[in-house]
Amino acid sequence: MNRLFVAYKPTGVGSNFFLTKLKRKYRTKKAGFSGTLDPFAKGVLLIGIGSYTKLFRFLNKTPKTYRATLWLGANSDSLDTELIRHVDILKEFEEAKVLDVLKSLEGELEYEPPIFSAKRIGGQRAYDLARAGKEFTLNKIHSTVYETKLISYCHPFVTFEATVSEGTYIRSLGLMIANRLGVEFGALSALERLSEGQFRYDDEKPLDIKKSLNIKQNFYHGESDNLKYGRVLALEDLEIKEDGYYWLDGGGFISIINIANTEVNYELGRIEC
């Protein structure tokens, strides 16, 4: 069975554990997800079953939108409620000031990712090293914040939404908001992913793979059996001849091809749909 759908991961469980439950539900051994959510976070998780697990890199998964609640004054190494050391009592801010700071994040950002992240250091996850008390440094990363919205400010909690590029750490954005308000500490008390690109939760309804791909459709005008049996395709038989990735409609299946230096290569074999 091939199936692509959006699931909703609850808080308190890891993405891998949640995937195991979905495999049982759909009675399949071959399934995967795109865009890990750690146990603290909840929300949209893109699931592929069968051959559709090969297509994640060709899907329209960016930008991503998150909703988070920032606890101003909460000191936590994990930048969430997992490892809170203490909470500073702060004076309330003007809501206009909070909004101005939130809007100041929009644009290009350079920052250090949180030490409790899934980044790999010498083959190990950063959060494993951090929990083991080992010292290490992470390279700065670049992110784009396309839009921010202030949902509510009920001191000391700031609930906001952020639409961001792939790989953005919302915990780090929360700490930036706190720091730009003149507050030393800040940690998220809630985090939810609302969307990944065009994908939002809709009761796990199956998605049309042809409408979900983030690459152009090309058209093959040669012998149909060549496409059906995965034979070599000639560039002159394709409607679009420029270099790049494309998908071809074979009727009951699709093929992903890559055109490079006038050569046509199958990036993925026949995928039933």
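Structure first, text after, so check above.
Read on for an overview of the structure. Each chain has its residues counted from 1, running along the sequence as written. This being a predicted model, a pLDDT of at least 70 is required before a residue's local features are given, and a value of 80 or more before pairs of side-chain atoms are given or counted; all residues contribute to the totals for chains, interfaces and linings. Each side-chain value is worked out from all heavy atoms of the structure, with water and hydrogens disregarded.

1. What about the overall build of the protein?
For the protein, the count of helices and strands is 6 helices and 16 strands. When a residue's accessible area, from a 1.4 Å probe over protein chains only, is under 20% of the maximum for its type it is buried; when over 50% it is exposed; and in between it is partly exposed. Looking at the protein residue by residue over its 273 residues, the buried ones come to 46%. Long-range pairs, those at least 24 residues apart, make up 64% of the contacts in the protein with a sequence separation of at least 6. Total accessible area on the protein is roughly 14,300 Å²; 47% of this is exposed by carbon and sulfur atoms. In the protein, the 38 positive side-chain charges and the 36 negative ones have mean positions that sit 7 Å from each other. Working definition: helices are DSSP H or I runs of at least four residues, strands are E runs of at least two. Numbering for both runs from the N terminus. Residue contacts are defined here by distance: any two heavy atoms, one from each residue, within 4.5 Å place the two residues in contact. A 1.4 Å probe and the Shrake-Rupley method give the accessible areas. Residues count as covered only by the protein chains that appear here. Positive charges come from Lys and Arg, negative ones from Asp and Glu, while His and the chain ends are left out of the count. Each charge is placed at NZ for Lys, CZ for Arg, CG for Asp and CD for Glu.

2. Description of the packing of aromatic side chains
Stacked, edge-to-face and tilted labels apply to pairs of Phe, Tyr and Trp rings (six-membered ring for Trp) whose centres lie within 6.5 Å, assigned for plane angles under 30 degrees, over 60, and everything in between, in that order. The full count for this structure, using the stated rule, is 4 aromatic pairs. An angle of 40 degrees between the planes, with centres 5.5 Å apart, marks the rings of W71 and F157 as tilted. Placement of W71 in strand β4 (residues 64-72) and of F157 in strand β11 (residues 157-164) is noted, with a sequence separation of 86 residues between them. Two limits define a charge over a ring: the Lys NZ or Arg CZ must be within 6 Å of the ring centre, and within 35 degrees of the ring normal. Seen from the ring of F5, R3 lies directly overhead, with NZ or CZ sitting 5.2 Å from the centre. When the ring centre of F253 is taken as origin, the NZ or CZ atom of R270, which lies over that ring, is 4.0 Å away.

3. Describing the pairing of strand β12 (residues 186-196)
Of all 11 residues in β12, 9 are buried; the element is thus mostly enclosed. Criterion used throughout: strands pair if DSSP finds at least two bridges between them. Where strand β3 (residues 42-49) and β12 come together, 2 bridges link them in parallel fashion. Following the sheet pairing, G43 is matched in β12 by R193. By the bridge criterion, 9 bridges tie β4 to β12 in an arrangement that is antiparallel. Across the sheet, L70 pairs through a bridge with L188, a residue of β12.

4. Concerning helix α1 (residues 15-25)
Those residues of α1 that sit buried are S15, F18, L19 and L22. Take α1 and look down its axis: the buried residues cluster within an arc of 100 degrees, on one side only. Exposed side of α1, more than 90 degrees from the buried face: N16, F17 and R24 are the residues found there. Looking at the buried residues of α1, the elements they touch are β1 (3-9), β2 (31-34) and β3. Among the residues trailing α1, R27 stands out with phi positive, at a value near 50 degrees. Throughout, the arc means the angular range of directions from the helix axis out to the C-beta atoms.

5. Digging into the nonpolar core
By convention a nonpolar core is built from buried Ala, Val, Leu, Ile, Met, Phe, Trp, Tyr and Cys residues, the set being connected through side-chain atoms within 4.5 Å. Core analysis: the largest hydrophobic core is formed by 42 residues, its most contacted members being I47, V158, F160, I170, L173, I177 and L191. Here the element with the most residues in this core is helix α4 (residues 170-180); it accounts for 5 residues. Once you skip the residues sitting within four places of it in the chain, L173 turns out to touch L105, L109, V145, A162, V164 and T168. Ranked by size, the runner-up nonpolar core spans 18 residues in total, among them V6, L55, L213 and W247.

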